[in-house]
Amino acid sequence: MPPVEHEGDVATEAIEFLTTYYSERRLPGLRERIDQVLDEIAHTGAYWQTESELTYGAKLAWRQSTRCIGRVRWAGLKVRDRRTVTRTADIATELAEHLVAGDNGGRIQSVITVFAPDHPTAGPRARIWNDQLVRYCGWQFDDQVLGDPAQVTMTAAAVRLGWRPPAEPSRFDLLPWVIETTDEDPTLVDVPRHLVREVALSHPVHAWFADLGLRWHALPVISNMRLRIGGIDYSCAPFNGHYLSDEIGTRNMGDADRYDQLRVVAAGLDLDTSDESTLWREHAVLVLNQAVLHSFRAADVRISDPHTESELFMRFCEAEKRAGRPVYGDWSWINGSVGWAALYPVHHRYYDTRVPNPNFWPGTPSTQTLEPSLRDRHHPTGQRVH
Ligand code: ARG
(Lines give C-alpha, C1' and ligand atoms only; values in the text may rest on other atoms or scores of the structure.)
Protein backbone atom coordinates (compact mmCIF):
# COMPACT_ATOMS: atom_id res chain seq x y z
CA MET A 1 0.00 0.00 0.00
CA PRO A 2 1.44 3.37 -0.96
CA PRO A 3 1.95 5.89 1.81
CA VAL A 4 -0.75 8.53 2.11
CA GLU A 5 0.69 11.50 0.33
CA HIS A 6 1.01 14.78 2.10
CA GLU A 7 -0.81 17.54 0.34
CA GLY A 8 0.95 20.83 0.76
CA ASP A 9 -0.69 24.22 0.56
CA VAL A 10 -1.91 25.49 -2.78
CA ALA A 11 0.97 27.91 -3.26
CA THR A 12 3.66 25.31 -2.61
CA GLU A 13 2.09 22.80 -4.96
CA ALA A 14 1.45 25.47 -7.57
CA ILE A 15 5.11 26.52 -7.61
CA GLU A 16 6.23 22.92 -7.79
CA PHE A 17 3.87 22.10 -10.64
CA LEU A 18 4.62 25.24 -12.65
CA THR A 19 8.33 24.64 -12.28
CA THR A 20 7.95 21.11 -13.62
CA TYR A 21 5.67 22.23 -16.43
CA TYR A 22 7.90 25.10 -17.57
CA SER A 23 11.07 23.06 -17.40
CA GLU A 24 9.74 19.90 -19.09
CA ARG A 25 8.21 22.00 -21.86
CA ARG A 26 11.24 24.33 -21.94
CA LEU A 27 9.00 27.40 -21.71
CA PRO A 28 10.17 30.92 -20.91
CA GLY A 29 8.42 33.09 -18.31
CA LEU A 30 8.24 30.84 -15.25
CA ARG A 31 9.00 33.65 -12.79
CA GLU A 32 6.25 35.90 -14.14
CA ARG A 33 3.71 33.09 -14.13
CA ILE A 34 4.54 32.13 -10.55
CA ASP A 35 4.14 35.75 -9.41
CA GLN A 36 0.81 35.98 -11.15
CA VAL A 37 -0.44 32.71 -9.65
CA LEU A 38 0.71 33.59 -6.13
CA ASP A 39 -1.07 36.89 -6.44
CA GLU A 40 -4.27 35.17 -7.53
CA ILE A 41 -3.97 32.67 -4.66
CA ALA A 42 -3.47 35.51 -2.17
CA HIS A 43 -6.73 37.12 -3.33
CA THR A 44 -8.96 34.12 -4.01
CA GLY A 45 -7.38 31.08 -2.36
CA ALA A 46 -7.03 29.41 -5.76
CA TYR A 47 -6.00 30.13 -9.35
CA TRP A 48 -7.26 29.41 -12.82
CA GLN A 49 -4.88 27.20 -14.77
CA THR A 50 -4.28 27.92 -18.43
CA GLU A 51 -5.59 25.30 -20.82
CA SER A 52 -2.02 24.14 -21.55
CA GLU A 53 -1.24 23.88 -17.84
CA LEU A 54 -4.37 21.83 -17.29
CA THR A 55 -3.59 19.62 -20.26
CA TYR A 56 -0.02 18.97 -19.20
CA GLY A 57 -1.05 18.54 -15.56
CA ALA A 58 -3.58 15.86 -16.46
CA LYS A 59 -0.91 14.04 -18.45
CA LEU A 60 1.47 14.24 -15.48
CA ALA A 61 -1.25 12.87 -13.22
CA TRP A 62 -1.45 9.85 -15.48
CA ARG A 63 2.33 9.53 -15.77
CA GLN A 64 2.52 9.40 -11.98
CA SER A 65 -0.41 7.05 -11.40
CA THR A 66 1.37 4.36 -9.51
CA ARG A 67 -1.22 1.68 -10.16
CA CYS A 68 -1.36 2.01 -13.94
CA ILE A 69 0.66 -0.29 -16.20
CA GLY A 70 -0.36 1.59 -19.38
CA ARG A 71 1.53 4.79 -18.67
CA VAL A 72 3.85 4.67 -21.68
CA ARG A 73 0.97 6.42 -23.46
CA TRP A 74 0.74 9.34 -21.00
CA ALA A 75 1.67 12.06 -23.49
CA GLY A 76 -1.10 10.93 -25.84
CA LEU A 77 -3.91 11.64 -23.39
CA LYS A 78 -6.69 13.65 -25.00
CA VAL A 79 -7.73 16.35 -22.54
CA ARG A 80 -11.19 17.90 -22.87
CA ASP A 81 -11.24 21.16 -20.97
CA ARG A 82 -14.85 21.60 -19.83
CA ARG A 83 -14.21 23.70 -16.73
CA THR A 84 -17.00 26.12 -17.53
CA VAL A 85 -19.64 23.38 -17.80
CA THR A 86 -21.45 23.26 -14.45
CA ARG A 87 -25.13 22.44 -15.00
CA THR A 88 -26.20 18.83 -14.58
CA ALA A 89 -27.83 18.61 -18.00
CA ASP A 90 -24.72 19.99 -19.70
CA ILE A 91 -22.44 17.70 -17.73
CA ALA A 92 -24.55 14.75 -18.92
CA THR A 93 -24.16 15.89 -22.53
CA GLU A 94 -20.41 16.12 -22.08
CA LEU A 95 -20.28 12.65 -20.52
CA ALA A 96 -22.06 11.26 -23.57
CA GLU A 97 -19.52 12.99 -25.79
CA HIS A 98 -16.73 11.53 -23.68
CA LEU A 99 -18.08 8.04 -24.40
CA VAL A 100 -17.90 8.74 -28.12
CA ALA A 101 -14.41 10.24 -27.97
CA GLY A 102 -13.06 7.41 -25.81
CA ASP A 103 -14.73 4.71 -27.88
CA ASN A 104 -13.33 6.14 -31.09
CA GLY A 105 -15.06 3.51 -33.20
CA GLY A 106 -13.52 0.68 -31.15
CA ARG A 107 -9.95 2.00 -31.43
CA ILE A 108 -10.25 3.11 -27.80
CA GLN A 109 -8.47 6.38 -27.12
CA SER A 110 -7.38 7.67 -23.69
CA VAL A 111 -9.50 10.67 -22.83
CA ILE A 112 -10.14 12.84 -19.77
CA THR A 113 -12.93 15.39 -19.44
CA VAL A 114 -12.18 18.01 -16.79
CA PHE A 115 -15.11 19.88 -15.24
CA ALA A 116 -15.01 22.86 -12.88
CA PRO A 117 -12.32 22.88 -10.19
CA ASP A 118 -13.41 22.45 -6.57
CA HIS A 119 -14.03 25.61 -4.61
CA PRO A 120 -11.03 26.32 -2.30
CA THR A 121 -13.18 26.05 0.82
CA ALA A 122 -16.62 24.78 -0.22
CA GLY A 123 -15.26 21.75 -2.09
CA PRO A 124 -16.55 19.95 -5.19
CA ARG A 125 -18.87 21.82 -7.53
CA ALA A 126 -19.88 18.67 -9.35
CA ARG A 127 -19.58 15.01 -8.63
CA ILE A 128 -20.49 11.76 -10.28
CA TRP A 129 -21.64 9.10 -7.84
CA ASN A 130 -20.86 6.21 -10.17
CA ASP A 131 -17.36 4.80 -9.94
CA GLN A 132 -17.33 4.38 -13.73
CA LEU A 133 -19.52 5.77 -16.47
CA VAL A 134 -20.40 2.29 -17.70
CA ARG A 135 -21.28 -0.26 -15.02
CA TYR A 136 -23.70 -3.12 -14.63
CA CYS A 137 -26.30 -3.20 -11.88
CA GLY A 138 -26.05 -5.57 -8.95
CA TRP A 139 -29.50 -6.82 -7.91
CA GLN A 140 -29.59 -8.17 -4.38
CA PHE A 141 -32.08 -11.02 -3.95
CA ASP A 142 -32.01 -12.52 -0.46
CA ASP A 143 -28.54 -14.00 -0.26
CA GLN A 144 -27.85 -13.86 -3.99
CA VAL A 145 -26.80 -11.14 -6.37
CA LEU A 146 -27.81 -10.97 -10.01
CA GLY A 147 -25.30 -8.90 -11.98
CA ASP A 148 -22.25 -7.18 -10.53
CA PRO A 149 -22.05 -7.53 -6.74
CA ALA A 150 -19.68 -4.55 -6.65
CA GLN A 151 -22.57 -2.34 -7.75
CA VAL A 152 -25.26 -3.44 -5.27
CA THR A 153 -24.95 -0.27 -3.18
CA MET A 154 -24.91 2.04 -6.19
CA THR A 155 -27.86 0.19 -7.73
CA ALA A 156 -29.86 0.58 -4.50
CA ALA A 157 -28.92 4.28 -4.34
CA ALA A 158 -30.21 4.82 -7.89
CA VAL A 159 -33.47 3.06 -7.03
CA ARG A 160 -33.84 5.15 -3.86
CA LEU A 161 -33.45 8.27 -5.96
CA GLY A 162 -36.39 7.15 -8.04
CA TRP A 163 -34.80 5.18 -10.88
CA ARG A 164 -37.27 2.75 -12.44
CA PRO A 165 -35.33 -0.49 -12.86
CA PRO A 166 -35.93 -2.68 -15.91
CA ALA A 167 -39.01 -4.92 -15.64
CA GLU A 168 -36.85 -8.03 -15.98
CA PRO A 169 -33.55 -7.49 -14.16
CA SER A 170 -30.61 -9.19 -15.87
CA ARG A 171 -26.90 -9.68 -15.24
CA PHE A 172 -25.94 -6.83 -17.54
CA ASP A 173 -28.31 -3.89 -16.98
CA LEU A 174 -26.62 -0.51 -17.36
CA LEU A 175 -26.64 1.65 -14.25
CA PRO A 176 -27.87 5.22 -14.71
CA TRP A 177 -25.57 8.11 -13.90
CA VAL A 178 -26.11 10.08 -10.73
CA ILE A 179 -24.76 13.60 -11.08
CA GLU A 180 -24.66 16.02 -8.18
CA THR A 181 -23.75 19.70 -8.36
CA THR A 182 -23.68 22.47 -5.78
CA ASP A 183 -26.79 24.05 -7.30
CA GLU A 184 -28.80 20.95 -8.15
CA ASP A 185 -29.86 17.85 -6.24
CA PRO A 186 -28.45 14.48 -7.24
CA THR A 187 -30.00 13.75 -10.61
CA LEU A 188 -30.51 10.46 -12.43
CA VAL A 189 -29.52 10.34 -16.08
CA ASP A 190 -30.03 7.26 -18.22
CA VAL A 191 -26.80 6.25 -19.93
CA PRO A 192 -27.22 6.67 -23.68
CA ARG A 193 -27.24 2.96 -24.44
CA HIS A 194 -26.45 3.38 -28.13
CA LEU A 195 -23.10 4.93 -27.14
CA VAL A 196 -22.08 1.99 -24.99
CA ARG A 197 -20.10 -0.58 -26.92
CA GLU A 198 -20.25 -4.07 -25.48
CA VAL A 199 -18.51 -7.29 -26.48
CA ALA A 200 -20.16 -10.69 -26.14
CA LEU A 201 -17.60 -13.22 -24.94
CA SER A 202 -16.84 -16.35 -26.92
CA HIS A 203 -13.82 -18.65 -27.00
CA PRO A 204 -11.72 -19.48 -30.07
CA VAL A 205 -11.84 -23.23 -29.34
CA HIS A 206 -14.63 -23.96 -26.87
CA ALA A 207 -17.90 -23.34 -28.68
CA TRP A 208 -19.97 -23.80 -25.50
CA PHE A 209 -18.34 -20.75 -23.95
CA ALA A 210 -20.58 -18.35 -25.91
CA ASP A 211 -23.64 -19.99 -24.32
CA LEU A 212 -22.56 -18.70 -20.92
CA GLY A 213 -23.96 -15.38 -22.12
CA LEU A 214 -21.08 -13.34 -20.73
CA ARG A 215 -20.30 -9.90 -22.04
CA TRP A 216 -18.39 -6.78 -21.02
CA HIS A 217 -18.27 -3.15 -21.99
CA ALA A 218 -15.38 -1.84 -24.08
CA LEU A 219 -14.65 1.36 -22.19
CA PRO A 220 -13.47 1.71 -18.58
CA VAL A 221 -14.18 5.36 -17.62
CA ILE A 222 -13.23 6.05 -14.01
CA SER A 223 -15.56 8.77 -12.78
CA ASN A 224 -15.10 9.06 -9.02
CA MET A 225 -11.48 10.08 -8.65
CA ARG A 226 -10.19 13.51 -7.81
CA LEU A 227 -7.58 14.92 -10.15
CA ARG A 228 -5.12 17.18 -8.35
CA ILE A 229 -2.83 19.50 -10.29
CA GLY A 230 -0.66 22.20 -8.77
CA GLY A 231 -2.75 22.39 -5.60
CA ILE A 232 -6.08 22.56 -7.45
CA ASP A 233 -8.60 19.74 -7.09
CA TYR A 234 -10.90 18.58 -9.88
CA SER A 235 -13.42 16.25 -8.27
CA CYS A 236 -15.28 15.77 -11.51
CA ALA A 237 -12.79 14.62 -14.12
CA PRO A 238 -13.75 11.26 -15.64
CA PHE A 239 -10.99 9.53 -17.60
CA ASN A 240 -10.56 6.34 -19.57
CA GLY A 241 -7.92 4.08 -21.04
CA HIS A 242 -8.51 0.75 -22.72
CA TYR A 243 -8.83 -2.61 -21.03
CA LEU A 244 -6.12 -5.10 -20.20
CA SER A 245 -7.55 -8.62 -20.59
CA ASP A 246 -6.91 -9.58 -16.97
CA GLU A 247 -9.16 -6.83 -15.68
CA ILE A 248 -12.13 -8.49 -17.30
CA GLY A 249 -11.11 -12.15 -17.57
CA THR A 250 -9.43 -12.59 -14.21
CA ARG A 251 -11.02 -10.00 -11.95
CA ASN A 252 -14.46 -8.96 -13.19
CA MET A 253 -15.40 -12.47 -14.34
CA GLY A 254 -13.26 -14.54 -12.00
CA ASP A 255 -13.36 -12.87 -8.58
CA ALA A 256 -15.62 -14.64 -6.09
CA ASP A 257 -17.17 -11.32 -5.13
CA ARG A 258 -17.75 -10.25 -8.73
CA TYR A 259 -19.23 -12.47 -11.49
CA ASP A 260 -17.67 -15.57 -9.92
CA GLN A 261 -17.45 -17.60 -13.12
CA LEU A 262 -14.55 -19.96 -12.37
CA ARG A 263 -16.71 -22.92 -11.36
CA VAL A 264 -19.04 -22.36 -14.27
CA VAL A 265 -16.15 -22.36 -16.75
CA ALA A 266 -14.52 -25.33 -15.00
CA ALA A 267 -17.78 -27.25 -15.40
CA GLY A 268 -17.80 -26.45 -19.13
CA LEU A 269 -14.24 -27.73 -19.35
CA ASP A 270 -15.14 -30.80 -17.29
CA LEU A 271 -12.31 -30.14 -14.86
CA ASP A 272 -11.77 -31.95 -11.61
CA THR A 273 -12.64 -29.30 -9.02
CA SER A 274 -12.46 -31.61 -6.01
CA ASP A 275 -8.89 -30.61 -5.23
CA GLU A 276 -7.21 -27.20 -5.55
CA SER A 277 -3.98 -28.84 -6.62
CA THR A 278 -5.47 -29.82 -9.96
CA LEU A 279 -5.10 -26.07 -10.69
CA TRP A 280 -8.62 -25.99 -12.10
CA ARG A 281 -8.93 -22.34 -11.13
CA GLU A 282 -5.82 -21.38 -13.12
CA HIS A 283 -7.14 -23.38 -16.06
CA ALA A 284 -10.54 -21.67 -15.92
CA VAL A 285 -8.96 -18.21 -15.59
CA LEU A 286 -6.76 -18.92 -18.60
CA VAL A 287 -9.77 -19.87 -20.69
CA LEU A 288 -11.64 -16.74 -19.54
CA ASN A 289 -8.69 -14.54 -20.51
CA GLN A 290 -8.40 -16.22 -23.91
CA ALA A 291 -12.10 -15.58 -24.44
CA VAL A 292 -11.75 -11.91 -23.57
CA LEU A 293 -8.79 -11.36 -25.90
CA HIS A 294 -10.35 -13.37 -28.70
CA SER A 295 -13.73 -11.65 -28.49
CA PHE A 296 -12.39 -8.09 -28.31
CA ARG A 297 -10.04 -8.74 -31.23
CA ALA A 298 -12.79 -10.35 -33.29
CA ALA A 299 -15.00 -7.32 -32.60
CA ASP A 300 -12.15 -4.94 -33.52
CA VAL A 301 -12.14 -3.39 -30.07
CA ARG A 302 -8.82 -2.34 -28.62
CA ILE A 303 -7.58 -4.49 -25.73
CA SER A 304 -4.14 -5.33 -24.33
CA ASP A 305 -2.66 -8.66 -23.35
CA PRO A 306 -0.29 -8.88 -20.38
CA HIS A 307 2.82 -9.67 -22.47
CA THR A 308 2.50 -6.62 -24.68
CA GLU A 309 1.52 -4.38 -21.80
CA SER A 310 4.45 -5.51 -19.62
CA GLU A 311 6.91 -4.89 -22.44
CA LEU A 312 5.44 -1.45 -22.99
CA PHE A 313 5.69 -0.67 -19.31
CA MET A 314 9.38 -1.60 -19.41
CA ARG A 315 9.78 0.95 -22.18
CA PHE A 316 8.05 3.51 -20.00
CA CYS A 317 10.49 2.69 -17.18
CA GLU A 318 13.44 3.18 -19.53
CA ALA A 319 12.08 6.48 -20.83
CA GLU A 320 11.56 7.77 -17.29
CA LYS A 321 15.07 6.75 -16.36
CA ARG A 322 16.50 8.50 -19.42
CA ALA A 323 14.57 11.63 -18.41
CA GLY A 324 16.15 11.42 -14.96
CA ARG A 325 12.88 10.70 -13.18
CA PRO A 326 12.01 7.97 -10.70
CA VAL A 327 9.55 5.33 -11.85
CA TYR A 328 6.73 5.67 -9.37
CA GLY A 329 4.79 2.48 -9.05
CA ASP A 330 2.77 0.23 -6.81
CA TRP A 331 4.25 -3.19 -7.42
CA SER A 332 1.14 -5.05 -6.33
CA TRP A 333 -1.03 -3.15 -8.81
CA ILE A 334 1.44 -3.22 -11.67
CA ASN A 335 1.67 -6.98 -11.31
CA GLY A 336 -2.02 -6.95 -10.60
CA SER A 337 -4.00 -10.00 -11.24
CA VAL A 338 -1.82 -11.87 -13.67
CA GLY A 339 -1.83 -15.46 -12.49
CA TRP A 340 1.56 -16.17 -13.96
CA ALA A 341 3.29 -13.09 -12.65
CA ALA A 342 6.89 -14.21 -13.12
CA LEU A 343 6.35 -14.58 -16.88
CA TYR A 344 6.29 -10.82 -17.24
CA PRO A 345 9.21 -8.41 -16.92
CA VAL A 346 7.27 -6.01 -14.69
CA HIS A 347 7.48 -8.65 -11.97
CA HIS A 348 11.24 -8.57 -11.76
CA ARG A 349 11.95 -5.12 -10.43
CA TYR A 350 10.79 -2.68 -7.78
CA TYR A 351 9.32 0.79 -8.09
CA ASP A 352 9.53 4.09 -6.24
CA THR A 353 6.64 3.89 -3.79
CA ARG A 354 6.11 7.63 -3.34
CA VAL A 355 2.93 9.17 -4.78
CA PRO A 356 3.60 12.70 -6.01
CA ASN A 357 1.13 15.23 -7.39
CA PRO A 358 -0.26 15.82 -9.98
CA ASN A 359 -2.15 12.58 -9.47
CA PHE A 360 -5.54 10.96 -9.16
CA TRP A 361 -6.99 10.33 -5.70
CA PRO A 362 -10.16 8.71 -4.46
CA GLY A 363 -12.90 11.33 -4.47
CA THR A 364 -14.84 12.23 -1.37
CA PRO A 365 -17.50 9.57 -1.51
CA SER A 366 -21.08 10.61 -1.43
CA THR A 367 -22.40 9.30 1.88
CA GLN A 368 -25.56 8.03 0.24
CA THR A 369 -23.69 5.55 -1.90
CA LEU A 370 -21.80 4.00 0.95
CA GLU A 371 -22.87 1.25 3.27
CA PRO A 372 -22.91 2.67 6.82
CA SER A 373 -20.15 0.26 7.79
CA LEU A 374 -17.88 1.72 5.11
CA ARG A 375 -18.53 5.38 5.79
CA ASP A 376 -16.04 5.91 8.57
CA ARG A 377 -13.31 4.17 6.61
CA HIS A 378 -13.32 7.01 4.15
CA HIS A 379 -11.41 10.01 5.26
CA PRO A 380 -13.48 13.17 4.69
CA THR A 381 -10.79 14.75 2.52
CA GLY A 382 -10.84 11.75 0.27
CA GLN A 383 -7.34 10.61 0.93
CA ARG A 384 -6.28 7.17 -0.12
CA VAL A 385 -7.25 4.87 2.73
CA HIS A 386 -7.35 1.38 1.25
N1 ARG B 1 -10.31 -2.59 -13.51
C2 ARG B 1 -11.37 -1.70 -13.87
C3 ARG B 1 -12.49 -2.49 -14.53
O4 ARG B 1 -12.36 -3.65 -14.75
C5 ARG B 1 -10.91 -0.62 -14.81
C6 ARG B 1 -9.79 0.24 -14.29
C7 ARG B 1 -9.12 1.09 -15.36
N8 ARG B 1 -8.52 0.25 -16.37
C9 ARG B 1 -7.93 0.69 -17.49
N10 ARG B 1 -7.49 -0.20 -18.32
N11 ARG B 1 -7.76 1.96 -17.73
O12 ARG B 1 -13.52 -1.96 -14.88
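From a predicted model like this one, the values you see are computed outputs, not experimental measurements.

A.B. asks: I would appreciate a short explanation of unusual backbone geometry in the present structure.
C.D. replies: Residues other than glycine predominantly adopt negative phi, and peptide bonds predominantly adopt the trans conformation. Look at the link from Asn357 to Pro358: it is a cis peptide, with omega at 0°. Residue position: Pro358 is located in the loop between α10 (331-335) and β16 (359-362).

A.B. asks: I tried to follow the site of the ligand on my own but got confused; where do I start?
C.D. replies: Contacts to the ligand come from Gln132, Arg135, Pro220, Ile222, Gly241, His242, Tyr243, Glu247 and Asn252. Relative to its unbound accessible surface of 350 Å², the ligand loses 72% to contact with the protein. Here the residues of the shell around the ligand are counted per class, giving three nonpolar, four polar and two charged.

A.B. asks: Could you clarify how one ought to interpret the nonpolar core in this entry?
C.D. replies: What tends to happen in soluble globular proteins is that the nonpolar side chains get buried as a cluster. One finds Leu99, Phe209, Met253 and Phe296 to be the most contacted residues of the largest nonpolar core, which totals 48 residues. Listed by contribution, the elements that provide at least two residues to this core are α4 (88-103), β3 (126-128), β6 (177-181), α7 (262-269) and α8 (280-298). The element contributing the most residues to this core is α8, with nine residues. Non-local contacts of Leu99, meaning those with residues more than four positions away in its chain, are made with Leu133, Val134, Trp177, Val191, Leu195, Val196, Leu219 and Val221.

A.B. asks: How should I be thinking about the sheet that holds strand β11 (residues 225-229) in this particular structure?
C.D. replies: Hydrogen bonds between backbone groups are what pair the strands of a sheet, and the pairing can be parallel or antiparallel. Read from one edge of the open sheet, three strands run β12-β11-β16, paired in antiparallel fashion. The open sheet has two edge strands with one neighbour each: β12 (232-234) and β16. For this sheet, the mean angle separating the axes of adjacent strands, direction not counted, is 30°. As paired strands, β11 and β12 are joined by three bridges and run antiparallel to one another. Bridge pairing links Leu227 to Tyr234 in β12. Sheet contacts for helix α3 (residues 51-63): β11, β12 and β16; angle to β11, the most-contacted strand, approximately 120°.

Conventions adopted
Residues numbered from 1 in each chain as written. Predicted model: local features only at pLDDT ≥ 70, side-chain atom pairs only at ≥ 80, totals over all residues. Heavy atoms only, no water. Helix = DSSP H or I, 4+ residues; strand = E, 2+ residues; numbered from the N terminus. Near = heavy atom within 4 Å. Areas by Shrake-Rupley, 256 points an atom, 1.4 Å probe, with all protein chains shown as cover. Nonpolar A, V, L, I, M, F, W, Y, C, P; charged D, E, K, R; others polar. Core = buried A, V, L, I, M, F, W, Y, C linked by side-chain atoms within 4.5 Å. Buried < 20%, exposed > 50% of the residue type's maximum accessible area, 1.4 Å probe, protein only. Contact = heavy atoms within 4.5 Å. Pairing = 2+ DSSP bridges. Axes fitted to C-alpha atoms, helices over the stretch in contact; angles between N-to-C directions.

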